[in-house]
Amino acid sequence: MAPQSTIAPESTPTESTPTESTLTGQMIIAGELVTGGGATISAIDPATGEHLEPSYRYGSATDVTSASIAADAAFDTYRSTGATERAAFLERIAERLDALTDDLVARAGSETGLPAARLTGEVARTSGQLRLFADTLREGSWQGARIDPALPGRTPLPRADIRQRKVALGPVAVFGASNFPLAFSVAGGDTASALAAGCPVIVKAHDAHPGTSELVGRAITDAARDTGMPAGVFSLLYGDGPDLGIALVTDPRVQAVGFTGSRGAGLALVAAAQGRPRPIPVYVEMSSINPVFPLPAALATRAADLGAAFVGSLTLGAGQFCTNPGVVIAVDGPDLDTFISAAASAVAATSPATMLSPGIAAGYRAGVDDLRRVATVEARGLDTDSPHACRAALFSTDADTFLSSESLRQEVFGASSIVVKCRDTAQVAEVAAGLDGQLTATVHADDADLEAARALLPTLERTAGRILFNGWPTGVEVGHAMVHGGPFPATSDARSTSVGSRAIERFLRPVAYQDVPAALLPGAIADGNPQNIWRRIDGALTRD
């Protein structure tokens, strides 16, 4: 945990305009660089333990107020911009990020220990998300335009002219994630979708990668200036969760929250938002163990291959993705033994990987130690002297023990998984039904397994936001059909997704316009369809 912030009477703005790759150690509030007055932090290279320059000063409640006032002042102007103008803004952010790729990869690599190839891909994913939302804006269906024309002659009562579209909620608070310093952080999916919806964004940077956050924050600020957006459309703050984070969520001008992180922090934000005089929606992604169900026929034909491939997904990113498979549930027997043997061999040959931060590494070690007390150790990865490395772990237990032990069903953030041995397919279904909400559920099935899969599928639909067959859950495609969400505690709201074009819906609400004069109607629901978008008119989807 970062040191407790000291609240300063006020923070200090500066007029300096650094070059894009120069780090200043400052926050950004509505286009101005601001030096915080609170506690000092610095990033730590998890591979070496070295403290990285520059240091950063935490902001205070005063800075939250300044950022939220600026966001609120910018809201009506920004939400009134057309889809074309907002799309150009998002594309300009993407262009600036792409131009900064080398600097972002270098700094993020130092702050997180992630390899350059992974980070280069993450820059591309981040800019790609922004371009996806630009395309979504231009396409127009996100506005949810509906028109029920007036029926003055209807009996026994006439019908008024009623039209509907979706409008932006207001300023949004976004919390940067630890495990994706780019794609789920300052310019990640929460920010991109909120900006697309017409909502100004205030980001709380993650303490683990403050320099990366500053580089990205300045790219957004410069893009806003380039495209003529109001300065208050974006701010970047540093601060601890119990202090600045709660102040941000409870500020009356903030109207929604996006968060990816631990269950404890997520629930604290939800409680704070629900305790406001006017509660607001909070979209938090918290924990998931992403069950895998290799069914009997699949195990009989390819158990060894499945075991090896499973470990590839388990250890990807040192197990620090929210979709790494944390539990395998299958019928016990020789075929499952073959799976476990192959997986154990693959784990035993796995080299230790540097974890994102000292705190995450310590949490992983504690979680593995807890599992060792209640489950059988099948294999550990190669040993290491590095204090911040992940040594992969594979465990096994029987289904009865798994169902009776809450600790076995908790996420261990890192490359650790447990194989649950069931008596038969009925017990597999029982274990599946006993799981908490999940981001993903994976089924490996051959043709002979289809009836068993058919019986299992309704349970998985109630449990997970994404169901995969004959694949692995790591790797979340950014597109129109993706769902990255799930029932509690995977997320706080299973009706939404944080990845893909439908993520914009989290920051919109419907408004109906009844008998509004034609001259005052917004373009999305105006006569003649001036935006040339698909609309539902008297129940029929049309572009006429």
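Cut-offs used in this document
- Residues numbered from 1 in each chain as written.
- Predicted model: local features only at pLDDT ≥ 70, side-chain atom pairs only at ≥ 80, totals over all residues.
- Heavy atoms only, no water.
- UniProt positions renumbered as here; feature names shortened; annotations may be inferred.
- Helix = DSSP H or I, 4+ residues; strand = E, 2+ residues; numbered from the N terminus.
- 1 Å grid on protein atoms, 1.4 Å probe; cavity = no way out; pocket = protein on both sides within 12 Å on 5 of 7 lines; lining within 4 Å.
- Points joined across faces, edges and corners; volume = space filled by probe spheres on them.
- Pairing = 2+ DSSP bridges.
- Axes fitted to C-alpha atoms, helices over the stretch in contact; angles between N-to-C directions.
- Contact = heavy atoms within 4.5 Å.
- Core = buried A, V, L, I, M, F, W, Y, C linked by side-chain atoms within 4.5 Å.
- Buried < 20%, exposed > 50% of the residue type's maximum accessible area, 1.4 Å probe, protein only.
- Domains from an automatic or database assignment.
- Buried area = accessible area lost by both parts, 1.4 Å probe.
- Salt bridge = Lys/Arg side-chain N within 4 Å of Asp/Glu carboxyl O.
- Nonpolar A, V, L, I, M, F, W, Y, C, P; charged D, E, K, R; others polar.
- Right-handed = clockwise from strand over helix to strand, strands pointing away.
- Expected span 1.5 Å × (residues − 1).
- Phe/Tyr/Trp six-rings, centres within 6.5 Å; stacked < 30°, edge-to-face > 60°.
- Lys NZ or Arg CZ within 6 Å of the ring centre and 35° of its normal.

K.L.:
Give a detailed account of the UniProt feature "domain: Aldehyde dehydrogenase" (unreviewed entry) in the protein, specifying residues and quantitative values.
P.N.:
On the UniProt side, "domain: Aldehyde dehydrogenase" (unreviewed entry) is annotated at positions that read residues 38–485 here. Between the C-alpha atoms that bound residues 38–485 there is a distance of 35 Å. The span itself is 45% helix and 18% strand.

K.L.:
An account of empty space enclosed by the protein is requested, with residue identities and associated values reported.
P.N.:
As enumerated under the stated definition, the model contains 3 cavities of 30 Å³ or more in all. Of the volumes computed, that of the largest cavity is approximately 160 Å³. Ile 289, Gly 326, Glu 411, Val 412 and Ser 416 are the residues nearest the centre of the largest cavity, which is lined by 18 residues in total. For the lining of the largest cavity, the leading source of residues is strand E19 (residues 416–422), giving 3 residues. Here the second largest cavity is characterised by a volume of approximately 90 Å³.

K.L.:
I'd like a description of the sheet that holds strand E24 (residues 540–542), backed by residues and values.
P.N.:
Taken in spatial order, the 5 strands make up an open sheet running E22-E7-E6-E23-E24, and their pairing is mixed. Sheet topology places strand E22 (508–514) and E24 at the edges, where each strand pairs with a single neighbour. Neighbour-to-neighbour, the strand axes of this sheet turn through a mean angle of 25 degrees, independent of strand direction. Here strand E23 (residues 535–537) pairs with E24 via 3 bridges, running antiparallel. In the sheet register, Ile 537 faces E24, and the bridge partner there is Ala 540.

K.L.:
Got a sec to walk through the sheet that holds strand E13 (residues 291–294)? Specific residues and values, please.
P.N.:
Strand order in the open sheet formed by 7 strands is E16-E18-E19-E14-E13-E20-E21, with mixed pairing between adjacent strands. Since the sheet does not close on itself, it has two edges, and those belong to strand E16 (376–380) and strand E21 (464–469), each with one partner. Across the sheet, the axes of successive neighbouring strands diverge by a mean angle of 20 degrees, strand direction being ignored. Across 5 bridges, the pairing between strand E14 (residues 327–331) and E19 is parallel. Each bridged residue has a counterpart across the sheet, and for Ala 330 the counterpart in E19 is Lys 421. Along the sheet, helix H13 (residues 425–433) makes contact with E13, E14 and E19, crossing E14 at roughly 155 degrees.

K.L.:
Describe the nonpolar core, naming the residues involved and giving the relevant values.
P.N.:
Counting residues in hydrophobic clusters, the biggest one holds 141 residues, and the most contacted among them are Phe 89, Leu 90, Ile 93, Ile 329 and Phe 339. Here this core takes 7 residues from helix H9 (residues 296–314), the largest share from any one element. Here this core spans two domains, and each of domain 1 (25–41 + 56–149 + 158–285 + 496–502) and domain 2 (289–467) adds at least three residues to it. Filtering out sequence-adjacent residues up to four positions away, Ile 329 remains in contact with Pro 291, Val 292, Phe 293, Pro 294, Val 420, Cys 422, Val 428, Val 431 and Leu 435. Counting residues in each nonpolar core, the second largest holds 10 residues, with Ile 147, Tyr 513, Ala 524 and Ile 533 among its members.

K.L.:
Pulling in residues and values, what's your account of the domain arrangement of the protein?
P.N.:
It is common to give the size of an interface as the accessible area that goes away when the parts come together. Domain boundaries assigned for the protein yield domain 1 (25–41 + 56–149 + 158–285 + 496–502) and domain 2 (289–467). Using C-alpha coordinates to define each centre, domain 1 is positioned 33 Å away from domain 2. Contacts between the two partners involve 10 residues from domain 1, matched on the other side by 11 residues from domain 2. Across the domain 1 to domain 2 interface the summed buried area is about 820 Å²; carbon plus sulfur atoms make up 58%. For the pair domain 1 and domain 2, the number of links is 0 salt bridges. Here the residues of the side of domain 1 that touches domain 2 are counted per class, giving 2 nonpolar, 4 polar and 4 charged.

K.L.:
Tell me about the pairing of strand E10 (residues 234–237), and name the residues and values.
P.N.:
Burial along E10 is two-sided: Phe 234 and Leu 236 facing one way and Ser 235 and Leu 237 facing the other are all buried. Bridging between strand E2 (residues 27–29) and E10 involves 2 bridges; their strand directions are antiparallel. If you follow Ile 29 over to E10, its bridge partner there is Ser 235. You can see the chain leave strand E9 (residues 201–204), run along helix H6 (residues 210–226) and come back into E10, and the turn it takes is right-handed.

K.L.:
Summarise helix H10 (residues 334–348); cite the residues concerned and give the values.
P.N.:
An ideal rise of 1.5 Å per residue puts 21 Å on 15 residues; H10 measures up with 21 Å between its terminal C-alpha atoms. Within H10, the full set of buried residues consists of Leu 336, Phe 339, Ile 340, Ala 342, Ala 343, Ala 344 and Val 347. Buried residues in H10 make contact with H9, E14, E16, strand E18 (393–398) and E19.

K.L.:
If you had to explain the environment of Gly 82 to someone new, which residues and values would you point to?
P.N.:
Turning to its location among the elements, Gly 82 is positioned in the loop between helix H1 (61–79) and helix H2 (83–99). Since its relative accessible area comes to 28%, Gly 82 is described here as partly exposed.

K.L.:
Explain the packing of aromatic side chains to me, and be specific about the residues and the numbers.
P.N.:
What the rule picks out here adds up to 8 aromatic pairs. Both rings, one in Tyr 78 and one in Phe 89, keep their centres 6.2 Å apart while their planes meet at 90 degrees; by these two values the pair is edge-to-face. Here the residue Tyr 78 occupies a position in helix H1, and Phe 89 occupies one in helix H2, the gap between them amounting to 11 residues. On the accessibility criterion, Phe 89 (0% relative accessible area) is buried. Each ring, one from Tyr 283 and one from Phe 507, has its centre 6.0 Å from the other, and the planes form 85 degrees; the classification is edge-to-face. Within this pair, whereas Tyr 283 is found in strand E12 (residues 282–285), its partner Phe 507 is found in the loop between E21 and E22, the two being separated by 224 residues in sequence. Take Tyr 283: its relative accessible area is 15%, and that puts it in the buried class. Take Phe 507: its relative accessible area is 0%, and that puts it in the buried class. Chaining the aromatic ring pairs together yields one cluster made of Phe 180, Phe 184 and Phe 321. Just above the ring of Tyr 78 sits the side chain of Arg 86; from NZ or CZ to the centre is 5.8 Å. Taking the ring centre of Tyr 283 as reference, the NZ or CZ of Arg 506 above it sits at 5.8 Å.

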